[in-house]
Amino acid sequence: MIAIIGGSSLSQLASLQTTHRQVVRTPYGEPSCALTFGQLSGRNVVFLARHGYGHMHAPHEINYRANLWALKAQQVRHVLAIGSVGGIHPGLAPGALAIPDQLLDYTWGRKHTFFEGPDSPVVHVDFTQPYTPGLRQCLLDGALQAGLDVLDGGTYACTQGPRLETAAEIARLRRDGADMVGMTGMPEAVLARELKLDYACVAVVANDAAGCGTSTGQIDFTAAGVVMEQAMVKVERLLATTLALGLYH
Ligand code: HPA
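Residues numbered from 1 in each chain as written. Predicted model: local features only at pLDDT ≥ 70, side-chain atom pairs only at ≥ 80, totals over all residues. Heavy atoms only, no water.

Please give an account of helix H1 (residues 64–72) that cites residues and values.
The buried fraction of H1 amounts to seven of the nine residues, a majority that puts the element mostly inside the structure. Every buried residue belonging to H1 is among Tyr64, Arg65, Ala66, Asn67, Leu68, Ala70 and Leu71, and all of these are buried. Those residues of H1 that are buried lie in contact with strand S1 (2–6), strand S3 (35–40), strand S4 (43–49) and helix H4 (188–194). (Buried < 20%, exposed > 50% of the residue type's maximum accessible area, 1.4 Å probe, protein only. Helix = DSSP H or I, 4+ residues; strand = E, 2+ residues; numbered from the N terminus. Contact = heavy atoms within 4.5 Å.)

Structural data, given as structure tokens:
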């Protein structure tokens, strides 16, 4: 079973042949929404809308632990996570896609581990490579096959939100080595690692980050909505081709 987590502008997958939906409860509370099961390119897929149907949950309010736990409970081993970002790298203009290979975490106050509380062992998971290299490669192979231009690599900076960043904050992120900025990449990626799930991200550039490119004065979110709708057509193609090629093990 392969999981797809959809972000803003992807609360459902048009190409998924849905078989059923299921409400799942977890020891960590309720996931963002019911899980949707179906087939995509002949593979069994479970889809989860990260913000819920109707975009109810803000990035800092998402129950990431319940989401990942619910997917693991469906015998999922691979998670393909879609997330919208602001572009910092000059090659990441609105509408571009990237498969990041590194992560900077600026979030705070989120439930970011399964290993807490008096009964929990002390565990330090390795997170040198936050995205599973083999699963990233599957997406890159899918992109090549589909004739889609995607940036191979890049550092995803995860901010707390829900507000957008100041131009000075983006300048700092750039100095830190960030290529793109989003609000939902963490703790999702590390919780997947704690559950031993393979995890890779498709970052979809909605807008130039604050102070960059077209966003020197302010960020035009109306334009970003249109960009995202168009980019999601590419994302659906990327997912369909990647799954058609087949994932490892
Ligand atoms: N900043 C943070 N998260 C985002 C942005 C941004 O500019 N665009 C889309 N998600």
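Account for the site of the ligand, naming residues and giving values.
Around the ligand, the neighbouring residues are Ser84, Val85, Gly86, Leu164, Glu165, Val181, Gly182, Met183 and Asn207. Backbone polar atom of Ser84 to a nitrogen atom of the ligand: 3.4 Å apart, as the coordinates give it. Within the complex, the protein chains bury 95% of what would otherwise be the 260 Å² of accessible surface of the ligand. Within the residue set of the shell around the ligand, elements represented by two or more residues are strand S5 (78–87) and strand S10 (180–182). Here the residues of the shell around the ligand are counted per class, giving four nonpolar, four polar and one charged. (Near = heavy atom within 4 Å. Polar contact = N/O pair within 3.5 Å; in protein donor to acceptor, adjacent residues only side chain to side chain. Areas by Shrake-Rupley, 256 points an atom, 1.4 Å probe, with all protein chains shown as cover. Nonpolar A, V, L, I, M, F, W, Y, C, P; charged D, E, K, R; others polar.)

Please set out helix H5 (residues 221–245) residue by residue, giving values where relevant.
Along an α-helix, a turn takes 3.6 residues, which lines up residues three or four apart on a common side. A rise of 1.5 Å per residue sets the reference length of H5, with its 25 residues, at 36 Å; its end C-alpha atoms lie 35 Å apart and thus fit the reference within 8%. Those residues of H5 lying buried are Ala224, Val227, Met228, Ala231, Met232, Val235, Glu236, Leu238, Leu239, Thr241, Thr242 and Leu243. A distance of 3.1 Å separates the backbone nitrogen of Thr222 from a side-chain oxygen at the start of H5, and that oxygen is part of Asp220. Downstream of H5 by one or two residues, Gly246 has phi in the positive range, about 95°. (Expected span 1.5 Å × (residues − 1).)

Please give an account of the packing of helix H2 (residues 133–146) against H5 that cites residues and values.
At a minimum axis separation of 8 Å, H2 and H5 run at an interaxial angle of 110°. The pairing of H2 with H5 is recorded here as roughly perpendicular in orientation. The residues of H5 that touch H2, namely those facing Cys138, Leu139, Asp141, Gly142, Ala143, Gln145 and Ala146, are Arg237, Leu238, Thr241, Thr242 and Leu245. When the residues that make up the contact of H2 with H5 are grouped by side-chain class, the tally is six nonpolar, four polar and two charged. (Axes fitted to C-alpha atoms, helices over the stretch in contact; angles between N-to-C directions. Parallel < 35°, antiparallel > 145°, perpendicular 65-115°, else oblique.)

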